[in-house]
Amino acid sequence: MDPLGAPSQFVDVDTLPSWGDSWEDELDTSDTAAETFQENTIRSPFLYNKNINGKVVLWKGDVALLNCTAIVNTSNENLTDKNPVSESIFMLAGPDLKEDLQKLKGCRTGEAKLTKGFNLAARFIIHTVGPKYKSRYRTAAESSLYSCYRNVLQLAKEQSMSSVGFCVINSAKRGYPLEDATHIALHLPIKLGNDTKPRTMANALGTVRRFLEIHGETIEKVVFAVSELEEATYQKLLPLYFPRSLKEECRSLPYLPADIGNAEGEPVVPERQIRISEKPGAPEDSQEEEAEGLGVDLSFIGSHAFARMEGDIDKQRRLILQGQLSEAALQKQHQRNYNRWLCQARSEDLSDIASLKALYQTGVDNCGRTVMVVVGRNIPVTLIDMDKALLYFIHVMDHIAVKEYVLVYFHTLTSEYNHLDSDFLKKLYDVVDVKYKRNLKAVYFVHPTFRSKVSTWFFTTFSVSGLKDKIHHVDSLHQLFSAISPEQIDFPPFVLEYDARENGPYYTSYPPSPDL
């Protein structure tokens, strides 16, 4: 047997240092420093999580040498691709692997199929097919690459596998850029000196992170086996998705893509789903051939380019005004409008609004729902561009609203200078996607005044529907803590000071409040 195939050459994944152990001496992870740094900072959608970091390994080496439950092989649709990863796996697994692969009868782009590991240290091999990369079908390629990682992990979960070794699922033959196999369909600003340029990347890391958040109890180790060339890219991007301290989490936040996908890491780019042909009237055969390698079905599209168009937008607007457009068409029009706002939010510089620290994610409520905080005093309504404020709200909330969430609004010590008028709130309510309204389960209005209670009643009665029953006026933090544990909220210091002055200091536990 080749020397590489000798058992002594195989690497037990349990002996490899986890990502959470790496560079720890350079990161200040003391509790005191963490609490100080966390105060009043906007949290990343990928929170520092020591347990998850302990499941992730970055290892420079050949994936075929890993002694784990399963390793991943990247191939083509016929499972005959000859790339460095496949060749190494075939050589070490032995001739039985080829015979076993023939029984699978190929594998479609984005799918994952299982064989035994044969002479490998790994018990199983999970074979998957990455997409062919074409810039004109970029979104489809991104979605297919997500499917590769997601289906591999799902198969590992279904088979109760404790550890999985990933190679980089891409191939030079299939045209996928190196970095795009690391970071999924996201516009990531890569800073080069004083220049900031958008880079499109495809993300394995975000997909794995979201999977471990949801199904982490089913898997013990995920190893990214990389070459020397690939290692630098992973070292650069891993902190964005697996920060090793609160400080690294915050430091990485500005470099996260605007679009981080849905709750499972899947890229969601609705505005790219329909594309008008670059050459109207030209034969579509070449496009269908290109799409086949991406796992895309174009059969629903008509043969002529104009069959892809959505119709006369001006006519639809006239029908809306006349009340003649169907409910489905109205929803489609609304979705299209929201997508335009979302696209603008992803592309515009909103750092001035972010610096206000008026909207941020904190912990979860007693039902496990994400808690978002709005600090009224930090909103200088008369000094900022309110359209940019709306864009920032969409930018932050788009991925939060895909799951159930609650809002905590601190009205504490606000003045006329900070009050959002009803026209802005109505515009926000009308613009946002239906998921915002469906998944919003409660709004805790903390330290309201008599005037704000009256204004809220009028607004929820006459301007918007379906919101009144979700509003809870909270006069003291004692009441709030019956719904959300104090450890799950990052309080602005002035809120705590005001409440202690008005209602007395709070303690770690409170009896349930009948008001909530």
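For clarity, every value in this text was computed on a predicted model and none was experimentally measured. (Residues numbered from 1 in each chain as written. Predicted model: local features only at pLDDT ≥ 70, side-chain atom pairs only at ≥ 80, totals over all residues. Heavy atoms only, no water.)

Participant: Summarise the overall build of the protein chain; cite the residues concerned and give the values.
Facilitator: Across its full length, the protein chain holds 18 helices and 15 strands. Evaluated residue by residue, the protein chain yields a buried proportion of 50% over its 516 residues. Taking the contacts inside the protein chain whose residues are at least 6 apart along the sequence as the reference set, 75% of them involve residues at least 24 apart. If you sum the accessible surface of the protein chain, you get close to 25,100 Å²; carbon and sulfur atoms cover 51% of it. (Helix = DSSP H or I, 4+ residues; strand = E, 2+ residues; numbered from the N terminus. Buried < 20%, exposed > 50% of the residue type's maximum accessible area, 1.4 Å probe, protein only. Contact = heavy atoms within 4.5 Å. Areas by Shrake-Rupley, 256 points an atom, 1.4 Å probe, with all protein chains shown as cover.)

Participant: If you had to explain the side chain of His127 to someone new, which residues and values would you point to?
Facilitator: You can see His127 is positioned in strand S6 (residues 124–129). Looking at His127, its side chain comes within polar contact range of the side chain of Thr115, at 2.8 Å. (Polar contact = N/O pair within 3.5 Å; in protein donor to acceptor, adjacent residues only side chain to side chain.)

Participant: Outline the pairing of strand S13 (residues 405–410), supporting the account with residue identities and numerical values.
Facilitator: Taken across its six residues, S13 has six buried, putting it largely inside the fold. Burial of the side chains of S13 extends over both faces: Tyr405, Leu407 and Tyr409 are buried on one face and Val406, Val408 and Phe410 on the other. Pairing between strand S12 (residues 370–375) and S13: six bridges, direction parallel. Along S13, the bridge assignment pairs Val374 with Tyr409. Note that the unit made of S12, helix H13 (residues 386–397) and S13 has a crossover that is right-handed. With six bridges connecting them, S13 and strand S14 (residues 440–446) associate as parallel partners. When the bridges of S14 are listed, Val408 appears paired with Tyr444. (Pairing = 2+ DSSP bridges. Right-handed = clockwise from strand over helix to strand, strands pointing away.)

Participant: Any chance you could break down the sheet that holds strand S15 (residues 471–474) for me, citing the residues and the numbers?
Facilitator: One open sheet holds the five strands; their spatial order is S11-S12-S13-S14-S15, and the pairing between them is mixed. Each having just a single partner strand, strand S11 (359–364) and S15 make up the two edges of the open sheet. Direction aside, neighbouring strands of the sheet carry axes that sit 25° apart on average. (Axes fitted to C-alpha atoms, helices over the stretch in contact; angles between N-to-C directions.)

Participant: I'd like a description of the pairing of S14, backed by residues and values.
Facilitator: For S14, the tally of buried residues reaches six of seven residues, placing the bulk of the element in the interior. Across four bridges, the pairing between S14 and S15 is parallel. Note that in S15 the partner of Val446 across the bridge is Val474. A crossover links S14 with its parallel partner S15, the connecting element being helix H16 (residues 450–463), and its sense is right-handed.

Participant: Can you explain the packing of helix H6 (residues 204–215) against helix H7 (residues 228–241)? Please cite residues and give values.
Facilitator: The geometry of H6 relative to H7 is characterised by a closest axis approach of 10 Å and an angle of 35° between their N-to-C directions. When the axes of H6 and H7 are compared, the crossing they make is right-handed. Between H6, through Leu205, Gly206 and Arg209, and H7, the contact on the second element is made entirely by Tyr234, Leu237, Leu238 and Tyr241. Its residues placed into classes, the contact of H6 with H7 shows five nonpolar, one polar and one charged. (Left-handed = near helix turned anticlockwise from the far one by under 90°. Nonpolar A, V, L, I, M, F, W, Y, C, P; charged D, E, K, R; others polar.)

Participant: Account for the environment of Gly363, with residues named and values stated.
Facilitator: Looking at the element boundaries, Gly363 is found in strand S11. Ignoring anything within four residues of it in the chain, the contact list for Gly363 reads Arg369, Thr370, Val371 and Gln488.

Participant: Explain the packing of H13 against helix H14 (residues 422–431) to me, and be specific about the residues and the numbers.
Facilitator: With their axes 11 Å apart at the nearest point, H13 and H14 run at an angle of 40° to one another. Both H13 and H14 take part in a crossing whose hand is right-handed. Only Phe424, Lys427, Leu428 and Val431 of H14 make contact with H13, whose side of the interface consists of Met386, Asp387, Leu390, Phe393 and Ile394.

Participant: Give a description of the environment of Ile52 that names residues and reports values.
Facilitator: Its place among the elements puts Ile52 in helix H2 (residues 50–53). Take Ile52: its relative accessible area is 4%, and that puts it in the buried class. Among all residues touching Ile52, those that are not within four sequence positions of it are Arg209, Leu212, Glu213 and Phe242.

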